[in-house]
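Structural characterization, general
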Amino acid sequence: MGSTGTALVGRAQEQAELAAFVESATGGALVLRGEAGVGRSALLDHAAARAERAGHLVVRAAGVEAESALPHAGLHQLLHPLLAGLARLDDGSRAVLGSVLGSVPGSVPGGSPDVPPGDPPSVMTLGIAVLGLLPVSAARRPLLLVLDDGQWLDDSSADVLGFVGRRLAGSRVKLLVAVRTDVPSRFDTAALPELPVAALGDEDAGRLLDQRYPELDPRIRRTVLDQARGNPLALLELPAQLADRSDGLPVDGLPVDGLPVQGLVGRPGVPLPRRLHRLFGARIEALDPRVRAELLTGALDDAGSPGGAEALPDSRYRMRDADPAVAAGLLGTEPVTGELVFRHPLVRSTVVQLATADQRRAAHLVLARAHRGNLERRAAHLAAATVDPDEDVAAVLEAAAESAARRGGAPAAVHWLTRAAELSEDRAERHRRLAEAAFVAGHAARLGQAQRPVRAELRAADVPSHRPAPEPARSPAPASAPASAPVSAPLTSQERRIAELAAGGLTNKEIGHRMHLSPRTVGSHLYRIFPKLGITARAALRDALNRADADRRT
């Protein structure tokens, strides 16, 4: 916002600093920081257009809230158009990038079965590999990486981009990031140069309003200027809301969250984003339930995020049959792809806030089905869609946790393992998954996270909280199960699959590679599978599975 068409209104200082940044002969990084609706995206558009005119290769991406828990999802989105350059890197750099991004261009985070198991690379190791890839992409012309909504970037991607951004001097690569002031992010401590984006001054605010609404009623114009406080999004959205009022109330008495607008200027506790949420909320509530469901599904998948369609084709939900939302000014059309997009992130967040818990769960279930080919995205939506214990869902979450941990996403792995424990139908499975969550967190030096699953298990076991918690540990890989072990509960779907693969002659490593599990976790499963089947060796698996099938049929 903050522009009419392609021309910015005001912003002389910001334009000058962006021009100097883009036209500099050396590389570097710059972070634009401002409140919601202040015009950060418009400045990014301006800088990108200027760079393209100057012959730069411009790659755009956006942090998306729905992916903020997916490790390296943002980095993959930003680097996806550049992955063709992998072939020109050394074997070590290709292996590092392939381990977190997928070695084949077009793969998606968590969805590539060819990512080899092993310890995840550190921020430094991955950052050095990225610093090797970027100059290859900038060999023919300078490269500008543009990232909008950086506050929603996953932590692992933000850490790597911070590392890279501090080391671009002397290259032909520039990194431009926009973040919101009201949402904490890893860029807050990245030590990158910043350009603050403030509200428009009174004169520029009046110019923007007059250009977009030249025949606005003087009373409404005065109220808009008073209430917008120079915020471009508010300047462009409030007039239509005020002009459409037909309840006979004075313009100055427009209610906001049950409070009159009159007298709220400068008053703490009623921030502008809250009033804009109220503005968009009125339009959303007027829509047909079917259209609102479509908007909610798109919002929970961050459909139509800037740069997303180009960076990762067919990776997000596509909203359809939502013309009333377009007419209400909630959606627009992406000029290149023709996809429906939210006009502003605040519209997206308002859609989610207005939905009931049941409506959100239903939308997450739709998205879990849509992303069934992407392990980690499917897991994220299943975790949000499922209420009652479900072993199949728990198994998917555990597999996603294994994938995330392998790629350096310990926080996501701990979250999914803990959620998998909550959804476990068997108490032993719950205990094992919580212990695994504590182990992963402890191994990643996240002691606060490590304590939470242990405490959850203590509460479930009704153990007094003053007793010391047992140190979490992984179960050992089995050599054989005790011969006297009684047959217990039936195999879970995941255990059945592991048993079938083991019966077919696959090693623990081969099974883990196929199921996105570590060999040690496969061993832990087999340690429990053998007693359930009443056997002591792998060679007896096939006959035991056949007997179990026969017993089930009878």
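All of these numbers come straight from a predicted model, not from anything done at the bench. (Residues numbered from 1 in each chain as written. Predicted model: local features only at pLDDT ≥ 70, side-chain atom pairs only at ≥ 80, totals over all residues. Heavy atoms only, no water.)

Turning to the pairing of strand β3 (residues 28-34), a few remarks are in order. Along β3, 7 of the 7 residues are buried, which leaves the element largely enclosed by surrounding structure. Of the two faces of β3, the one carrying Gly28, Leu30, Leu32 and Gly34 and the one carrying Ala29, Val31 and Arg33 are both buried. Pairing of β3 with strand β6 (residues 173-180) involves 7 bridges; the strand directions are parallel. Across the sheet, residue Arg33 finds its bridge partner in β6, namely Val179. By the bridge criterion, 3 bridges tie β3 to strand β7 (residues 194-196) in an arrangement that is parallel. Of the residues in β7, the one forming a bridge with Val31 is Glu194. (Buried < 20%, exposed > 50% of the residue type's maximum accessible area, 1.4 Å probe, protein only. Helix = DSSP H or I, 4+ residues; strand = E, 2+ residues; numbered from the N terminus. Pairing = 2+ DSSP bridges.)

Where two aromatic rings form a pair, the distance of their centres and the angle of their planes describe that pair. Inspection of every chain in the model, using the stated rule, returns 0 aromatic pairs. In this structure, Arg167 is placed above the aromatic ring of Phe163, and the distance from its NZ or CZ to the ring centre is 3.7 Å. (Phe/Tyr/Trp six-rings, centres within 6.5 Å; stacked < 30°, edge-to-face > 60°. Lys NZ or Arg CZ within 6 Å of the ring centre and 35° of its normal.)

On to the packing of helix α1 (residues 12-23) against helix α2 (residues 40-53). Packing of α1 against α2 leaves a shortest axis separation of 10 Å and a crossing angle of 40 degrees. One way to sum up the angle between α1 and α2 is to call them oblique. Classified by chirality, the crossing of α2 by α1 is right-handed. Listed contacts from α2 to Glu14, Gln15, Leu18, Ala19, Val22 and Glu23 of α1 are Leu43, His46, Ala47, Arg50 and Ala51. (Axes fitted to C-alpha atoms, helices over the stretch in contact; angles between N-to-C directions. Parallel < 35°, antiparallel > 145°, perpendicular 65-115°, else oblique. Left-handed = near helix turned anticlockwise from the far one by under 90°. Contact = heavy atoms within 4.5 Å.)

Another aspect to go through is the sheet that holds strand β5 (residues 143-148). Taken together, the 5 strands give an open sheet; going across it, the order is β4-β5-β6-β3-β7, and neighbouring strands pair in parallel fashion. Each edge of the open sheet is held by one strand with a lone partner, namely β4 (57-62) and β7. Looking at each pair of strands side by side, their axes are set apart by 15 degrees on average, direction ignored. Sheet analysis places β5 next to β6, joined by 5 bridges and oriented parallel. Within β6, the position partnered with Leu143 by the bridge is Val173. Lying on the sheet, helix α5 (residues 123-137) is in contact with β4, β5 and β6; it crosses β5 at an angle near 120 degrees.

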